Amino acid sequence: MFSELKFPVPWGHVAAKAWGPSEGYPVLCLHGWLDNANTFDKLIPLLPRDCYYVAMDFSGHGLSSHRPAGSLYHFLDYVSDVRRVAAGGCVAGMFCFLYPEMVDKLILLENLGFLLGPEDTEVWLKSKRMVIDRLLSLEAKQQTPKARSPEAALQRLLEANRHLTAEGGAILLQRGATETPAGLVYNRDMRVHMQSRESFTVEQCVKLLQKIQDRVLIIIAQDGLLVPHNLDSTNHFVKALWEAFESTLKQHIQLVEVPGSHFVHLNEPEVVSGIISNFLTAQNTRARL
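Residues numbered from 1 in each chain as written. Predicted model: local features only at pLDDT ≥ 70, side-chain atom pairs only at ≥ 80, totals over all residues. Heavy atoms only, no water.

### Re the nonpolar core
Note the following rule: Among buried residues, those of type Ala, Val, Leu, Ile, Met, Phe, Trp, Tyr and Cys that are joined through side-chain atoms within 4.5 Å constitute a nonpolar core. Partly exposed residues are those whose accessible area sits between 20% and 50% of the maximum for their type, while under 20% is buried and over 50% is exposed, using a 1.4 Å probe and protein chains only. A run of H or I in DSSP counts as a helix once it spans at least four residues, and a run of E counts as a strand once it spans at least two, with each numbered from the N terminus. The contact criterion used throughout is that any non-hydrogen atoms of two residues lie within 4.5 Å.
Core analysis: the largest hydrophobic core is formed by 39 residues, its most contacted members being M56 and V91. Among the elements of the structure, β2 (12-19), β4 (51-56), α1 (75-86), α2 (90-98), β5 (106-109), α6 (202-210), β9 (216-221) and α7 (236-249) are those that each provide at least two residues to this core. When residues no more than four places from it in sequence are discounted, the contact partners of M56 are V14, A15, A16, L28, C29, L30, H31, A37, D81, V82 and V85. Membership of the second largest hydrophobic core comes to 22 residues, among which are Y25, L217, V258 and F279.

### Concerning the sheet that holds strand β6 (residues 147-148)
Condition: For two strands to be treated as a pair, DSSP must find no fewer than two bridges joining them.
Spatially, three strands are ordered β6-β8-β7 in an open sheet, and the strand pairing comes out antiparallel. Every other strand in the sheet has two partners, leaving β6 and β7 (177-180) as the edge strands with one partner each. Sheet analysis places β7 next to strand β8 (residues 183-186), joined by four bridges and oriented antiparallel. Within β8, the residue paired with E179 across the bridge is L184.

### Overview of the side chain of S59
The condition is simple: Nitrogen and oxygen atoms within 3.5 Å of one another constitute a polar contact, given that in protein one can donate a hydrogen and the other can accept it, and given that sequence-neighbouring residues count only through two side-chain atoms.
Among the structural elements, S59 can be located in the loop between β4 and α1. Within the structure, the side chain of S59 is placed 3.0 Å from the side chain of D81, a separation counted as a polar contact.

### Quick word on the confidence of the model for the protein
Rules: A residue's pLDDT is the predictor's confidence in that residue, given on a scale from 0 to 100.
Mean pLDDT over the protein stands at 85; residues scoring 70 or higher make up 85%. Counting contacts from residues 285-289, a segment whose pLDDT is below 50, to residues more than four positions away or on other chains yields 19 contacts.

### Things to note about the environment of V103
Locating V103 in the fold gives a position in the loop between α2 and β5. Exposure remark for V103: the relative accessible area of 10% places this residue in the buried category. For the pair V103 and A92, spaced eleven residues apart in sequence, the C-alpha to C-alpha distance is 9.8 Å.

### A closer look at the pattern of salt bridges
Oppositely charged side chains can pair when the atoms bearing their charge come close. Applicable threshold: By salt bridge we mean one thing: a side-chain nitrogen of Lys or Arg within 4 Å of a carboxyl oxygen of Asp or Glu.
All told, the structure shown has seven salt bridges when counted by the stated rule. Measuring nitrogen to oxygen at the nearest pair gives 2.9 Å for the salt bridge that ties E4 to R175. Judged by relative accessible area, E4 falls into the partly exposed class, the value being 44%. Look at R175 and you get buried, because its relative accessible area is 3%. Residues D81 and R67 are paired through a salt bridge, measuring 3.0 Å at the closest nitrogen-oxygen approach. Note that D81 is positioned in helix α1 and R67 in the loop between β4 and α1, a separation of 14 residues in sequence. Each of E4, D57 and R175 takes part in salt bridges that share partners, so that together they form one network.

### Overview of the environment of H163
Checked against the element boundaries, H163 lands in the loop between α4 (150-160) and α5 (166-176). Sequence spacing of H163 and H262 is 99 residues, and the spatial spacing of their C-alpha atoms is 5.8 Å. Residues in contact with H163, not counting those within four places in the same chain, are D223, G224, L225, S261, H262, F263 and N267.

### A short note on empty space enclosed by the protein
Inclusion rule: Put simply, the grid is 1 Å and covers the protein atoms alone, a cavity is a trapped set of points that fit a 1.4 Å probe, a pocket is an open set with protein on both sides within 12 Å along at least five of seven lines, and lining residues have an atom within 4 Å of a point. Grid points are joined across faces, edges and corners, and a volume is the space filled by probe spheres set on the points. Residues were grouped as follows: Ala, Val, Leu, Ile, Met, Phe, Trp, Tyr, Cys and Pro as nonpolar; Asp, Glu, Lys and Arg as charged; and all remaining residues, including Gly, as polar.
Of the pockets and cavities examined, the largest cavity occupies roughly 110 Å³. Along the walls of the largest cavity sit L34, D35, N36, H61, G62, L157, L172, L173, G176, Y186, N187 and R188, which together make up its complete lining. The class makeup of the residues in the lining of the largest cavity is five nonpolar, five polar and two charged.

### A word on the sheet that holds β9
Selection criterion: Lines are fitted to the C-alpha atoms to define the axes, a helix being fitted only along its stretch in contact, and any angle between axes, read from their N-to-C directions, falls within 0 to 180 degrees.
Strand order in the open sheet formed by three strands is β5-β9-β10, with parallel pairing between adjacent strands. Of all the strands in the sheet, just β5 and β10 (253-258) have a single pairing partner and so form its edges. For this sheet, the mean inter-axis angle between neighbouring strands, taken without regard to orientation, is 15°. With four bridges connecting them, β5 and β9 associate as parallel partners.

### Comments concerning the packing of aromatic side chains
Put simply, the rule is: Two aromatic rings, drawn from Phe, Tyr or Trp (for Trp, its six-membered ring), form a pair once their centres lie within 6.5 Å of each other, and the interplanar angle then sorts them: stacked below 30 degrees, edge-to-face above 60, tilted otherwise.
Counted according to the given criterion, the structure contains four aromatic pairs. Arranged with centres 5.2 Å apart and planes meeting at 35°, the rings of F95 and Y99 form a pair that is tilted. Owing to a relative accessible area of 26%, Y99 belongs among the partly exposed residues under this scheme. The rings of F58, Y73 and Y78 are connected pair by pair, giving a single aromatic cluster.

### Some thoughts on the pairing of strand β1 (residues 3-9)
Inspection of the sheet shows β1 paired to β2 by seven bridges, in the antiparallel sense. The partner of L5 across the bridge, within β2, is A16. Between β1 and β2, which pair antiparallel one after the other, the connecting turn spans two residues.

Structure follows, in structure tokens:
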């Protein structure tokens, strides 16, 4: 069983769901881009029961409020969401770098802790301009969110996420869409598609990871998005980061490759639950949230 939570913020609330005893070892669970807290529904029941798990919806996702009109979704906005709840993937990594004193351990599922940053200055400038232009275009259109039948809403979600199963997609839709007289309407704010990302060099990534060394578990799926031999030949950033992990940080970071896809934690949670449970229970110290 779980309970629903709401954390007040100036623009509304950040929604979350919690499992386990509130006095237990706190574990904050952060979903991926365009997902929601339900992504952990099948995994958390398989983890140690003496922990207190809180899975939050980032602003503009799931049941959380959308940010005010005219606002962009900056990467650090998601980090501030976490700080408000604590007072997650790439957001979790950034939070650990900014507030290392509040975190005992970091678990990254199909994530290396950083967003891809273009190395070419012109590409970077173009990406920033595109974010602003797309926001202004969206505001000018003022389109009413499209309503779909439950079947069509699920089909659209699966088409956009080839790693999702129909069961997993249905679980995400339970929190990611609202029923209206016209059909299901996705809850997510369309502006999250235009989020402004933070960029890092490989050298910066390594230095940041060293701030939380010996407390990191990275789980990569064999048919996921980050296995080196599956990466596009132009994706030099991720490959270089992998090499940095293996050469300079291997003794501090536990890297585990498991069978499955990008959503292995939702599609086949038993594949990763044992690994995560062992990591959580090994030499636990109480997190300072």
